[in-house]
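Topology and contacts: notes
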Amino acid sequence: MLAEQIKAGDRRALAKAITLVESTRADHGDQATALLETLMPHTGNSIRLGISGAPGVGKSTFIEALGNYLTEQGHRVAVLAVDPTSAVSGGSILGDKTRMETLSVNPNAFVRPSPAGKTLGGVTRRTRESLLLCEAAGFDVIIIETVGVGQSETAVSDMTDMFLLLLSPGGGDDLQGIKRGIMELADLVLVNKADGDQAHLANQTVSDYGAALHFMQARTPSWTPRIQSCSALHNQGVAEVWQTAQEFRSALTDSGELLTLRAQQARAWMWSETAEALIADLKNHATVKALVPELERAVLAGELPAIVAAQTLIKHYKASE
Ligand code: GDP
């Protein structure tokens, strides 16, 4: 029933399904898994875009501009988020303000804030599942936004086809506090706020970073990372970003790399799910639970090598299978 409504593109049904996926209740978990299995054949038909950048660089303004542009072109756009701060502190960098006001009410868009979660792994897992649900609901452009110190960017790049990094004009050598590792994830670097007084500086930044990009290792043989400028606030350069995204998709589709990339992502996801589930099961295991306090104490005190403690836990876990 819910599956049918989702396939029909019903946004309320989609929101309900995502709530199911995000729930920590075991029965909800089972329903969510069954739903994902039913909908699996209807997934995959989107371009998956990851977007990151420091707070204030203009991510939500840009996503709103791109999203509204795309819906005008007849696309259906879903926006999801991975907010690592909700995992760490319970607070949120992305979610606290009112964001994307026009896109949220656009009938051809679906905007969902980051799920709350205790671990980044938990947050990204739910986002992956939500992504599949959005595809099943007929959204053909999925944007996943994040902001973080590296791990969340890696997680988002592991679930998307193309990764966009937003920068502000200026910056110089320090990459604006953006770690080099994140820069290396980018298929497209966008210098936002290329307007007014900052237009000239933005062009300068494009040439500075453009030179640096040439020395970066390309992520895939069929695509060389690019750099462009835009003004999300004035809707300039936004259509050009979409043009680049389409070129990216064609290049990776023609070379067969898109399929390989997604297949590898799915396999990696399988193993991370397995690892998470095993750890959770192990930690819940009665004998293991009883052993943990003493083993942790001994490891903390430096009396026992961590590897020995780990082997002890696993031995007892396996013994009573
Ligand atoms: P986020 O934290 O990365 O999501 O950034 P926001 O989208 O909330 O934007 C932060 C501030 O920058 C807001 O005041 C925006 O109006 C402003 N801003 C965003 N894009 C542009 C732009 O292209 N040009 C200018 N001048 N300001 C912008």
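Summary of the structure given here. These numbers were taken from a predicted model, which means no experiment stands behind them. (Residues numbered from 1 in each chain as written. Predicted model: local features only at pLDDT ≥ 70, side-chain atom pairs only at ≥ 80, totals over all residues. Heavy atoms only, no water.)

Of the regular secondary structure elements, the protein chain holds 14 helices and 7 strands. Its C-alpha atoms give the protein chain a radius of gyration of 22 Å, within 12% of the compact-globule value 20 Å for 321 residues. Sorting the 321 residues of the protein chain into buried and exposed places 48% on the buried side. Taking the contacts inside the protein chain whose residues are at least 6 apart along the sequence as the reference set, 77% of them involve residues at least 24 apart. Surface accessibility of the protein chain: about 16100 Å² in total, with carbon and sulfur atoms responsible for 56%. Distance from the positive charge centre (28 side chains) to the negative charge centre (36 side chains) of the protein chain: 5 Å. (Helix = DSSP H or I, 4+ residues; strand = E, 2+ residues; numbered from the N terminus. Rg over C-alpha atoms; globule rule 2.2 N^0.38 Å. Buried < 20%, exposed > 50% of the residue type's maximum accessible area, 1.4 Å probe, protein only. Contact = heavy atoms within 4.5 Å. Areas by Shrake-Rupley, 256 points an atom, 1.4 Å probe, with all protein chains shown as cover. Lys, Arg positive; Asp, Glu negative; His and termini not counted. Charge placed at Lys NZ, Arg CZ, Asp CG, Glu CD.)

On to the site of the ligand. The full set close to the ligand counts 16 residues, and Gly56, Lys59, Thr61, Arg99 and Asp195 are the nearest of them. Within the side chain of Ser231, a nitrogen or oxygen atom sits 3.4 Å from an oxygen atom of the ligand. The backbone of Ala232 places a nitrogen or oxygen atom 2.9 Å from an oxygen atom of the ligand. With the chains in place, 74% of the 580 Å² that the ligand exposes on its own is no longer accessible. Grouping the amino acids of the shell around the ligand by side-chain chemistry returns 5 nonpolar, 6 polar and 5 charged. (Near = heavy atom within 4 Å. Polar contact = N/O pair within 3.5 Å; in protein donor to acceptor, adjacent residues only side chain to side chain. Nonpolar A, V, L, I, M, F, W, Y, C, P; charged D, E, K, R; others polar.)

Another aspect to go through is the packing of aromatic side chains. The description of two aromatic rings rests on the distance between their centres and on the angle between their planes. Enumeration over the complete set of coordinates arrives at 2 aromatic pairs. Measuring from centroid to centroid gives 5.2 Å for Trp223 and Phe248, while their planes differ by 80°, and the two rings are edge-to-face. Here Trp223 is found in the loop between α10 (199-214) and β7 (226-229), whereas its partner Phe248 is found in helix α11 (residues 238-254), with 25 residues between them in sequence. The pair formed by Trp223 and Phe248 is uniform in burial state, with each residue classed as buried. The ring of Phe139 carries the charged tip of Arg76 above its face, separated from the ring centre by 4.2 Å. (Phe/Tyr/Trp six-rings, centres within 6.5 Å; stacked < 30°, edge-to-face > 60°. Lys NZ or Arg CZ within 6 Å of the ring centre and 35° of its normal.)

For the rest of this paragraph, the subject is helix α12 (residues 257-284). Taking 1.5 Å per residue as the helical rise, α12 with its 28 residues ought to reach 40 Å, and the 40 Å between its terminal C-alpha atoms agrees with that figure. Among the residues of α12, those classed as buried are Glu257, Leu258, Arg262, Gln265, Trp269 and Leu282. (Expected span 1.5 Å × (residues − 1).)

Moving on to the packing of helix α13 (residues 286-300) against helix α14 (residues 306-319). α14 packs onto α13 with a crossing angle of 175° between their chain directions and a minimal axis gap of 10 Å. With respect to each other, α13 and α14 are oriented roughly antiparallel. Every residue of α14 that contacts α13 at Thr287, Val288, Leu291, Val292, Leu295 and Val299 is listed here: Ala306, Ala309, Thr312, Leu313, His316 and Tyr317. For the contact of α13 with α14, the per-class residue count stands at 9 nonpolar, 3 polar and no charged. (Axes fitted to C-alpha atoms, helices over the stretch in contact; angles between N-to-C directions. Parallel < 35°, antiparallel > 145°, perpendicular 65-115°, else oblique.)

Time to look at unusual backbone geometry. Peptide bonds are trans in most cases, and residues, glycine excluded, mostly fall at negative phi. Backbone geometry places Lys193, a non-glycine residue, at a positive phi of 65°. Positionally, Lys193 belongs in the loop between β6 (188-191) and α10. What makes Lys193 partly exposed here is its relative accessible area of 29%. Phi angles above zero are rare outside glycine, and Asn235 is one such case at about 60°.

So, on to the pairing of β7. Where β6 and β7 come together, 4 bridges link them in parallel fashion. The residue of β7 that forms the bridge with Leu190 is Gln228. Regarding the hand of the β-α-β motif, the stretch spanning β6, α10 and β7 is right-handed. (Pairing = 2+ DSSP bridges. Right-handed = clockwise from strand over helix to strand, strands pointing away.)

Spatial ordering of the open sheet is given by β3-β2-β4-β1-β5-β6-β7, a layout of 7 strands whose pairing is parallel. The outermost strands of the open sheet, each flanked by one partner alone, are β3 (109-111) and β7. Direction aside, neighbouring strands of the sheet carry axes that sit 20° apart on average. Across the face of the sheet, helix α4 (residues 59-72) comes into contact with β1 (47-52), β2 (77-82), β3, β4 (141-146), β5 (162-167) and β6 while running at roughly 175° to β4.

What follows concerns the nonpolar core. Core analysis: the biggest nonpolar cluster contains 47 residues, and Ile6, Leu133 and Cys134 have the highest contact counts within it. Excluding its chain neighbours within four sequence positions, the residues that come into contact with Cys134 are Leu14, Ile18, Ala78, Leu80, Phe110, Phe139 and Ile142. The next biggest cluster of nonpolar side chains, apart from the first, holds 31 residues, and it includes Ile63, Leu103, Leu166 and Val238. (Core = buried A, V, L, I, M, F, W, Y, C linked by side-chain atoms within 4.5 Å.)

Most of β2 is tucked away, with 6 of its 6 residues classed as buried. Of the two faces of β2, both are covered, the one formed by Val77, Val79 and Ala81 as well as the one formed by Ala78, Leu80 and Val82. Relative to β3, β2 runs parallel, the two sharing 3 bridges. Within β3, the residue paired with Val77 across the bridge is Ala109. When β2 meets β4, the two strands line up parallel, connected through 6 bridges. Bridged to Val77 within β4 is Val141.

Taken by themselves, the reported measurements are silent on function.
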